[in-house]
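Residue-level structure breakdown
So the chains spell out like this:
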Amino acid sequence: MHDKERKAFISESHGVKMKSFAVIGLGRFGSSLALKLSELGAEVLAVDSRMSVVEEISEHVTQSVCGDFTDERVLRSLEIGSFDCAIVCISENIEASILITSLLKSQGVRYVVAKAKSELHAKVLRQIGADNVVFPEKDFGIKLAQNLCSSNILDFIELSDKFSIMEMKMPSAWVGKTLIELDVRKKYRINIVAVKDPESGFIDVSPNPSAPLEQGRILVVIGATEDIKKISK
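Residues numbered from 1 in each chain as written. Predicted model: local features only at pLDDT ≥ 70, side-chain atom pairs only at ≥ 80, totals over all residues. Heavy atoms only, no water.

**Looking at the overall build of the chain**
The secondary structure content of the chain amounts to ten helices and 13 strands. Relative to its full complement of 233 residues, the chain shows a buried share of 43%. For the chain, contacts bridging at least 24 residues in sequence account for 54% of all contacts bridging at least 6. About 12,700 Å² of surface is accessible on the chain, with carbon and sulfur atoms providing 52% of the total. (Helix = DSSP H or I, 4+ residues; strand = E, 2+ residues; numbered from the N terminus. Buried < 20%, exposed > 50% of the residue type's maximum accessible area, 1.4 Å probe, protein only. Contact = heavy atoms within 4.5 Å. Areas by Shrake-Rupley, 256 points an atom, 1.4 Å probe, with all protein chains shown as cover.)

**Considerations on the packing of helix 5 (residues 94-106) against helix 6 (residues 119-127)**
Between helix 5 and helix 6, the shortest axis-to-axis distance is 9 Å and the interhelical angle comes to 20 degrees. What the angle tells us is that helix 5 and helix 6 run roughly parallel. At the point where helix 5 passes helix 6, the crossing takes the right-handed sense. Along the contact surface, helix 5 presents Ile94, Ser97, Ile98 and Thr101, while helix 6 presents His121, Val124 and Leu125. Looking at side-chain class alone, the contact of helix 5 with helix 6 contains four nonpolar, three polar and no charged residues. (Axes fitted to C-alpha atoms, helices over the stretch in contact; angles between N-to-C directions. Parallel < 35°, antiparallel > 145°, perpendicular 65-115°, else oblique. Left-handed = near helix turned anticlockwise from the far one by under 90°. Nonpolar A, V, L, I, M, F, W, Y, C, P; charged D, E, K, R; others polar.)

**With respect to the pairing of strand 13 (residues 218-224)**
Summarising burial for strand 13: six of the seven residues are buried, a large majority. When strand 10 (residues 163-169) meets strand 13, the two strands line up antiparallel, connected through seven bridges. Directly across from Lys169, in strand 13, lies its bridge partner Ile218. Here strand 11 (residues 190-196) pairs with strand 13 via six bridges, running antiparallel. Paired with Ala194 across the bridge in strand 13 is Val220. (Pairing = 2+ DSSP bridges.)

**Comments concerning the nonpolar core**
Grouped together as the largest cluster of nonpolar side chains are 24 residues, with contacts concentrated most on Leu45, Val47, Phe69, Ile80, Leu104 and Val133. Elements with a minimum of two residues in this core: strand 3 (20-24), strand 4 (43-48), strand 6 (85-88), helix 5, strand 7 (111-115) and helix 6. Sorting elements by how many residues they give to this core places helix 5 first, with three residues. With residues near it in sequence (within four places) discarded, Val133 still touches Ala114, Ala116, Ala122, Leu125 and Arg126. If you look at the next biggest cluster of nonpolar residues, it comprises 21 residues, including Met18, Ala46, Ile87 and Val134. (Core = buried A, V, L, I, M, F, W, Y, C linked by side-chain atoms within 4.5 Å.)

**A word on the layout of surface pockets**
In this structure, the second largest pocket occupies an estimated 310 Å³ of space. In terms of lining residues, the second largest pocket is bounded by 22 residues, among which Gly25, Leu26, Asp48, Ser49 and Ile90 are the most central. Secondary structure elements with two or more residues in the lining of the second largest pocket: helix 2 (28-39), strand 4 and helix 5. Per-class residue counts for the lining of the second largest pocket are nine nonpolar, seven polar and six charged. (1 Å grid on protein atoms, 1.4 Å probe; cavity = no way out; pocket = protein on both sides within 12 Å on 5 of 7 lines; lining within 4 Å. Points joined across faces, edges and corners; volume = space filled by probe spheres on them.)

What is shown is where atoms sit, not what they do.
Spelled out as structure tokens, the structure:
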């Protein structure tokens, strides 16, 4: 899961900042999520039915617990309802995923995110109260395909089925030209929202439209995915 994609879990929900998270299921997705949340300063409870993975992550999170989390009594003993957000990272065992999601909502967890294996699985999760459903493998596949198909695209965030934000290498024909000259909104139907210097890491979120674009700069653009792909080839 890419850093930018993780912000969906780390920042805010409905205008209320989240500070405490319960991550249920410590496979590759759940473990990476728990570690990143902890790294960003959040309170993290990491739970799994396998003692080996619980012990492995224990030093890196606030609390780690091994147990059967389809058991309502286990969740209640952890005061799971006091957490701002719980993420159900189990998808292979669909029955367990659905049961745990339902139990979390019944015990008062304000915001529940669940990992889905299929569209039908996702539909059921939403019906029983999941506030957000994610397809990590699908999302990563889309990102990888975009990156592989264009050597100029460095990063990619899908906003919807049709619109995206992308980091891309600046086309060589644009070097030395200003944003006014390029008039990308009219010519290409995209917007340049930032210009990044890859050496210093500085990101100019208000680029001067009259300043010539320098060699090697990275552009952060927003627009229809198809329109962006046309200029990134």
